[in-house]
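Listed below are the residues making up each chain.
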Amino acid sequence: MPTKSSIVTDPLVQARDILRRRDPSLDPQEFFAPNIRRYIPHFGSLRNMAAAVSLLIEVLDDDANPAILVAGDYDADGICSVASMSRLLQQFGRPDHGLLLPDRMTEGHGLSAAATSRICNAKPDLVIVLDCGTTSHEALARISAVARRGVIVVDHHQAPGMAFPVMPPGVLLINPALDDFMGTQVPADVQRGLAGACTGALVYILAAQFMITWRMRAVQDPAFAARHAPEQSPLLADQELRDLLAEISGLGAFTTITDMAPLNRFNRALVRTSLPYISRIVGLQAMAASFDRTLDIETPTPADVGFRYGPVINASGRIHHGNIALRLMIETDYDEALPLACQAIEINVERRAIQKAVVDTCLEQVDQADDSGVMIRSEDFHPGVVGLAASRLLEHTGRPSIVIGTGGAGSARSVADFDIGAFIHRAADEGLILGGGGHAAAGGFRVAPAPDSHLRLMERFKAETRAIRRIAGAPDVVVEFGQICDFKGLWAAMAPFGVGNPALTILFRNPVITDEKWFGGEDKPHWRGRLSNGSGEIDLVWFSARQSLAWPEGREFLQGVGTMRGRLDVNNGWKGPQFQIMVESVTEAGQPDLHRRQARPAVVELHKRIDVLEF
């Protein structure tokens, strides 16, 4: 008869207990059985959705072929959103549409003055703006004066006061983050789910509603149906529409992960349902081949997106131009996509080298005794990597972090208790920065040119972030020596992991460590081994272990461990998916925690480990 310590807890019961402790507001039924169909009937209730769909159908049904231009931002969310919209327009008979991404180095973020001038000079009839525009009233007014058929803006960023902004005439804004759903019958939890969607997911919603309305129009209007019958437009057959929507939903899931959107409610349903469809994207197939890795429909995981493919798409816009990644995500010919994938990967290698130099400099300047947010500035910092550097500072210190680079380009990352997007809007209102935007967890801005702007911004930031940090909470699972834990079942119940649903933290008591090995470069900073707790074994990986651990000199490394804490992860290596523990801290038997950086968060979201698993 098994002892009490060896009894296996039902993984679903264990998962429900973890969910209840993490966030009691989440509905277990929706969490463990997410269903995208629950949200589809409410897509049309988003403010301006119906008007935007009607306008798009009207333009696509116009024999005069009005000129269409799609503009987006240069990060992965903006690039993939533009790619999705381009796919939609191509399949519906408009391959001649224009595409525009801003140049980060010469034009800046979103609808800058330079990017707006380029849009206006193109003299389009319809402009579709993606992943920016919510606070760009002057730019949109200029564009609307030129675009005679109108402007559609799809965005998810915050606005001052979080009120739905009044747009210039002729501009339709879709932004559920600011939508109060007044006059609708949308359930409150569905509203919360849609409000957390990134732009790539919103483009999927727009495309789905567009196709539903298009089909209804074809049923109700025989003349419309005749003009767009499958025999007249072969690409519009039902199966083609389903395949197109699957690809767009896959890109929506892709950007949900890369943009660090919370993986609960709608986003969880989208990622769990649609992530496999990214394997249909030819550009990602080419990237996988360039990595010497097969991207099979069964294998894409949030880790693949967050650590391998997403950073490559982001790097293009960060340090060169997003057009390279955009062409890759739009390309449908594999042979044409392959050299683009190789070019994008080379850019990402360059980005990693630039980022490492910036991060190393930032870490050297961190004041460990300071209990407020971290702000570091240098004109030598490449503006394309300041956001990644801020992420690393957040991971290292557990405190809200801002990094400012060349030309005053700043980027911020924050913890759950401090809304960095709201802070950026307050700073802009006070003239400390020249505009900016973002959401609760991340944002970007440019420091005002006044000599004292940086100092005033730092004073305000440190005053508001005093004593705010990400504190390590209790582990999700405690495994005693000899106890059996069904990691596979627990993973299946709780995945996918990311922001809002961090990777499971496991605490092992009195483990036995074997097969230790140092690896990674000349100084071999990383460590791996195997853990046995008397009932089974699991692989261990500890990145930057030499920096993180203060172990008594003369002691054999990791012998006599009292507890070991880490995140449950899956390594998709040549042996197939294998569970492993990403070690975060250990304690010596009978001693307090020997992990040097007590402030370092023990619960780090799986997809916030920027670059750790990139190749």
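In short, a report on the structure. (Residues numbered from 1 in each chain as written. Predicted model: local features only at pLDDT ≥ 70, side-chain atom pairs only at ≥ 80, totals over all residues. Heavy atoms only, no water.)

Moving on: the side chain of Ser-81. With respect to the helices, strands and loops of the structure, Ser-81 is situated in helix α4 (residues 76-91). The residues contacting Ser-81, other than those within four sequence positions of it, are Leu-130, Thr-199, Gly-200 and Val-203. (Helix = DSSP H or I, 4+ residues; strand = E, 2+ residues; numbered from the N terminus. Contact = heavy atoms within 4.5 Å.)

This part is about the packing of aromatic side chains. Evaluated as defined, the whole model comprises 16 aromatic pairs. Aromatic side chains Phe-31 and Phe-32 sit 5.1 Å apart centroid to centroid with 85 degrees between the ring planes, which places their arrangement in the edge-to-face category. When sorted by exposure, Phe-31 lands in the same class as Phe-32, which is buried. Ring centres of Phe-519 and Phe-543 lie 6.2 Å apart, and the angle between their planes is 70 degrees; this geometry places the pair in the edge-to-face category. With Phe-519 in strand β13 (residues 512-519) and Phe-543 in the loop between β15 (537-542) and α20 (545-548), this pair connects stretches of sequence that are 24 residues apart. Above the ring of Phe-291, the side-chain terminus of Arg-308 is found at 5.4 Å from the ring centroid. A cation over an aromatic ring shows up here: Arg-528 above the ring of Phe-519, its NZ or CZ 4.0 Å from the ring centre. (Phe/Tyr/Trp six-rings, centres within 6.5 Å; stacked < 30°, edge-to-face > 60°. Buried < 20%, exposed > 50% of the residue type's maximum accessible area, 1.4 Å probe, protein only. Lys NZ or Arg CZ within 6 Å of the ring centre and 35° of its normal.)

Once that is clear, we can look at helix α1 (residues 11-22). With twelve residues, α1 ought to run about 16 Å at 1.5 Å a step, and its terminal C-alpha atoms sit 16 Å apart, in line with that. Here α1 has its buried residues at Pro-11, Gln-14, Ala-15, Ile-18 and Leu-19. Along α1, the residues classed as buried sweep out an arc of 135 degrees about the axis, all on the same side. Seen from the buried face of α1, the exposed residues on the opposite side, beyond 90 degrees, are Val-13 and Arg-20. Buried residues along α1 sit against α2 (28-32), β11 (477-479) and α19 (487-494). A side-chain oxygen of the first residue of α1 lies 3.0 Å from the backbone nitrogen of Leu-12; this N-cap is Asp-10. (Expected span 1.5 Å × (residues − 1). Arc of directions from axis to C-beta. Polar contact = N/O pair within 3.5 Å; in protein donor to acceptor, adjacent residues only side chain to side chain.)

The residue Val-82 is located in helix α4 in this model. Residue class for Val-82 comes out buried when judged on its relative accessible area of 0%. C-alpha of Val-82 to C-alpha of Leu-130: the two residues are 48 residues apart in sequence and 6.8 Å apart in space.

Time to look at empty space enclosed by the protein. One pass over the structure, following the stated rule, counts two cavities of 30 Å³ or more. If you add up the space inside the second largest cavity, you get close to 40 Å³. Lining the second largest cavity are Leu-26, Asp-27, Glu-30, Phe-31, Asn-264, Arg-265 and Arg-268. Elements with a minimum of two residues in the lining of the second largest cavity: α2 and α11 (265-274). Residue classes in the lining of the second largest cavity are distributed as two nonpolar, one polar and four charged. (1 Å grid on protein atoms, 1.4 Å probe; cavity = no way out; pocket = protein on both sides within 12 Å on 5 of 7 lines; lining within 4 Å. Points joined across faces, edges and corners; volume = space filled by probe spheres on them. Nonpolar A, V, L, I, M, F, W, Y, C, P; charged D, E, K, R; others polar.)

Leu-88, Phe-210, Phe-266 and Met-287 are the most contacted members of the largest nonpolar core, which totals 102 residues. Tallying contributions element by element places helix α8 (residues 199-220) first for this core, with twelve residues. Once residues within four sequence positions are removed from consideration, Phe-210 is found in contact with Val-53, Leu-56, Ile-57, Leu-60, Leu-88 and Phe-92. (Core = buried A, V, L, I, M, F, W, Y, C linked by side-chain atoms within 4.5 Å.)

Negative phi characterises most residues that are not glycine, and trans characterises most peptide bonds. Cis rather than trans, the peptide bond between Ala-495 and Pro-496 has omega equal to 5 degrees. Along the chain, Pro-496 falls in the loop between α19 and β12 (505-509). Its identity is not glycine, yet Asn-48 carries a phi of approximately 75 degrees, on the positive side. If you trace the backbone, Asn-48 turns up in the loop between α2 and α3 (49-60). Asn-48 sits in the partly exposed class, given a relative accessible area of 25%. Notably, Arg-265 is not glycine yet its phi reads approximately 50 degrees, a positive angle. Note on placement: Arg-265 falls in helix α11.

A few words on α11. Of all the ten residues making up α11, eight are buried; the element is thus mostly covered by neighbouring parts of the structure. Those residues of α11 lying buried are Arg-265, Phe-266, Asn-267, Arg-268, Ala-269, Leu-270, Val-271 and Ser-274. At its buried positions, α11 is contacted by α2, α7 (188-195), α8, α10 (238-258) and α19.

Let us look at the pattern of salt bridges. Scanning the model with the defined rule gives 29 salt bridges in all. Ionic pairing is found between Asp-62 and Arg-149, a salt bridge with its closest N-O pair at 2.8 Å. A residue pair is termed long-range when its members are at least 10 positions apart, and Asp-62 in the loop between α3 and β1 (68-72) and Arg-149 in the loop between α6 (137-146) and β4 (150-154) qualify at 87 residues. You can call Asp-62 partly exposed: its relative accessible area is 22%. Residue Arg-149 is classed as buried on the basis of its relative accessible area of 18%. Between Asp-221 and Arg-217 there is a salt bridge whose closest N-O contact spans 3.5 Å. Taking relative accessible area as the criterion, Asp-221 reaches 23% and is therefore assigned partly exposed. Ionic contacts of the salt-bridge type, sharing partners, join the residues Asp-61, Arg-217, Asp-221 and Arg-227 into one network. (Salt bridge = Lys/Arg side-chain N within 4 Å of Asp/Glu carboxyl O.)

Here Glu-395 is to be found in helix α16 (residues 386-397). Looking at Glu-395, the relative accessible area reads 11%, which means it is buried. Placed 19 residues apart in sequence, Glu-395 and Ser-414 show a C-alpha to C-alpha distance of 9.8 Å.

With that out of the way, let us pick up the sheet that holds strand β8 (residues 409-413). Reading across the sheet, the five strands line up as β6-β7-β8-β10-β9 and stay open at both edges, with mixed pairing between neighbours. Every interior strand has two partners, whereas the edge strands, β6 (374-377) and β9 (433-438), have only one. Neighbour to neighbour, the strand axes of the sheet diverge by 15 degrees on average, direction disregarded. As defined by bridge partners, β8 adjoins strand β10 (residues 442-447) across five bridges and the pair is classed as antiparallel. Bridge assignment links Gly-410 to a residue of β10, and that residue is Phe-445. In this fold helix α17 (residues 420-429) packs onto β7 (401-404), β8, β9 and β10, with an angle of close to 160 degrees to the strand it touches most, β9. On the sheet, helix α18 (residues 453-464) packs against β6, β7, β9 and β10 and is oriented at approximately 165 degrees with respect to β6. (Pairing = 2+ DSSP bridges. Axes fitted to C-alpha atoms, helices over the stretch in contact; angles between N-to-C directions.)

Attention now moves to the pairing of strand β5 (residues 171-174). With burial as the criterion, each face of β5 is covered, one bearing Val-171 and Leu-173 and the other bearing Leu-172 and Ile-174. Pairing analysis gives four bridges linking β4 to β5, with the strands arranged parallel. Its bridge partner being in β5, Val-153 is matched across the sheet by Leu-173.

The next subject is the pairing of β7. Burial of the side chains of β7 extends over both faces: Ser-401 and Val-403 are buried on one face and Ile-402 and Ile-404 on the other. Pairing of β7 with β8, which is carried by four bridges, proceeds in the antiparallel orientation. Bridge assignment links Ile-402 to a residue of β8, and that residue is Ala-412. Hairpin connection between β7 and β8: a loop of four residues separates the two successive antiparallel strands, and Gly-407 in this loop has a positive phi of roughly 75 degrees.

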